[in-house]
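Report on the structure
Now for the letters of each chain:
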Amino acid sequence: MHVLLVEDEKSLHQEVKQFLQQAQYLVDSAYTFTEASEKLYVNSYDFVLLDLGLPGGDGLELLRESRRSEKQEASFIILTARGDLDDRIKGLDLGADDYLPKPFSLLELTSRMQAITRRKFGLKRSEIIFGDGFVMDVTARTVRHGAPDSPEVPLTKKEFDLLNYLLLHKGRVLTRLQLGEHLWGNVLEDDSDSNYIDVHIKNVRKKLAQFGSADFIETVRGIGYRAV
């Protein structure tokens, strides 16, 4: 998951960022309104963790701008001081998905992110069943075929994230650019000629094929890939 952390309190920012990175999230940083606005304009995110009191502008305006953009599909969690009831209400009215009053538990933050992901993609639990009997446990970050005690498919972090992203958007064609932004956190240079994504898809298919069929990953010629 690609996250933009917008928080100007440096100690808290670094604490949250380090925790999320250890939990296998890809995290971009913004400390000011301008930095956040520029990154939201350029990149696509799965989550934006948004402090409202920012140098240079109001966090609610960032939320408002993002909800007007067709490119930005991020889920927003507002990080706010405990007494800012009006701001929490305004944020939810503008389309924020949740809020956390400061100080907050980092474990609660990731739990809420996981809950938002399940709601967003219609998942009732942390497992995704796909293909001819594969099961992905999103929380444990494992993929198995068949019984729960069967061997894990030995995917790397990038391969797992790529497969997870395809499965969350099942039936939707994802471009190489979209997949590259999700995996590397920025736009791949000379994306049309890059084979980074193709190599990763090939490796995922090869590893899955050792346990079952990988035919559910379709190549959409000239565009990208789709899980069916």
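Along each chain, residue indices are assigned from 1 in the same order as the chain's sequence is written. Residue-level local features of this predicted model are given only where pLDDT is at least 70; pairs of side-chain atoms are given and counted only at 80 or more, and the full residue set underlies all totals for whole chains, interfaces and linings. As a rule here, side-chain values come from all non-hydrogen atoms in the structure, and water together with hydrogens is ignored.

What follows is about unusual backbone geometry. In this structure, the amide linkage connecting Lys102 to the following residue, Pro103, adopts the cis form with an omega of -5°. As for its placement among the helices and strands, Pro103 is situated in the loop between strand S7 (98–102) and helix H5 (106–120). At Arg141, a position not held by glycine, the phi torsion is positive, near 60°. Helix and strand assignments come from DSSP, with helices taken as H or I runs of at least 4 residues and strands as E runs of at least 2, each series counted from the N terminus. With respect to the helices, strands and loops of the structure, Arg141 is situated in the loop between strand S9 (134–137) and strand S10 (142–145). The partly exposed category is assigned to Arg141, whose relative accessible area is 26%. Exposure classes here rest on a 1.4 Å probe applied to the protein chains alone. A residue is buried below 20% of its type maximum, exposed above 50%, and partly exposed in between.

Those residues of helix H2 (residues 33–42) lying buried are Phe33, Ala36 and Leu40. One side of H2 holds all its buried residues, which, seen down the axis, span an arc of 70°. Away from its buried face, by an angle of more than 90 degrees, H2 presents the exposed residues Glu38 and Tyr41. In the core, the buried residues of H2 are packed alongside strand S1 (2–6), strand S2 (26–30), strand S3 (47–51), strand S4 (53–54), strand S5 (57–58) and helix H3 (59–68). Summarising the geometry, the arc corresponds to the directions from the helix axis toward the C-beta atoms. What makes two residues a contact is simply this: any of their non-hydrogen atoms within 4.5 Å.

Here, nonpolar core means buried Ala, Val, Leu, Ile, Met, Phe, Trp, Tyr and Cys residues that are tied together by side-chain atoms lying within 4.5 Å of each other. Residues Leu49, Val143, Leu163 and Leu208 are the most contacted members of the largest nonpolar core, which totals 44 residues. Per element, the largest residue contribution to this core is seven residues, and it comes from helix H6 (residues 157–168). Both domains that furnish three or more residues to this core are identified here as domain 1 (2–121) and domain 2 (127–227). With near-sequence residues (within four places) excluded, Val143 lies in contact with Phe130, Phe134, Val135, Met136, Pro151, Glu152, Val153, Leu155, Phe160, Leu163 and Leu208. By size, the runner-up hydrophobic cluster in this structure holds 18 residues, among which are Leu50, Leu62, Leu63 and Phe76. Residue ranges for the domains originate in an automatic or database domain assignment.

Looking now at the sheet that holds S7. Reading across the sheet, the five strands line up as S2-S1-S3-S6-S7 and stay open at both edges, with parallel pairing between neighbours. The open sheet has two edge strands, S2 and S7, and neither has a second partner. In this sheet, adjacent strand axes meet at a mean angle of 20° when their direction is disregarded. With five bridges connecting them, S3 and strand S6 (residues 75–81) associate as parallel partners. If you follow Val48 over to S6, its bridge partner there is Phe76. Across the sheet, helix H1 (residues 10–22) is in contact with S1, S2, S3 and S7; its angle to S2 comes to roughly 165°. By definition, two strands form a pair when at least two bridges between them are found by DSSP. Angular values range over 0 to 180 degrees, each being the angle between N-to-C directions of two axes fitted as lines to C-alpha atoms, with helices fitted over their stretch in contact.

Once their charged atoms are close, side chains differing in charge can pair, the charge on each being opposite to the other. We define a salt bridge as a side-chain nitrogen of Lys or Arg found within 4 Å of a carboxyl oxygen belonging to Asp or Glu. Under the criterion given, the structure shown has 14 salt bridges. The salt bridge partner of Glu152 is Arg144, with a shortest N-O separation of 3.5 Å. Its relative accessible area of 41% is what places Glu152 among the partly exposed residues. Since its relative accessible area comes to 24%, Arg144 is described here as partly exposed. For the salt bridge of Glu159 with Lys207, the shortest nitrogen-to-oxygen distance reads 2.7 Å.

Turning our eyes to something else, we now look at the packing of aromatic side chains. When the centres of two rings from Phe, Tyr and Trp lie within 6.5 Å, Trp using its six-membered ring, the rings pair. Their planes under 30 degrees apart give stacked, over 60 give edge-to-face, and anything left gives tilted. Here the structure, examined in full by the defined rule, presents two aromatic pairs. On the basis of an interplanar angle of 15° and a centroid distance of 5.4 Å, the ring pair of Phe130 and Phe134 is categorised as stacked. Taking the relative accessible area as the measure of exposure, Phe130 reaches 4% and is therefore buried. In this structure Phe134 comes out as buried when scored by relative accessible area, which is 0%. Measuring from ring centre to ring centre gives 5.1 Å for Phe130 and Phe216, while their planes differ by 65°; the resulting arrangement is edge-to-face. Here Phe216 lies in the loop between helix H8 (196–209) and strand S12 (217–220) and Phe130 lies in strand S8 (residues 127–130), a separation of 86 residues in the sequence. On the basis of relative accessible area, Phe216 is assigned to the buried category, the value being 7%. Every member of this aromatic cluster is reached through a ring pair, and the members are Phe130, Phe134 and Phe216.

None of the figures reported here should be taken as evidence of function without further support.
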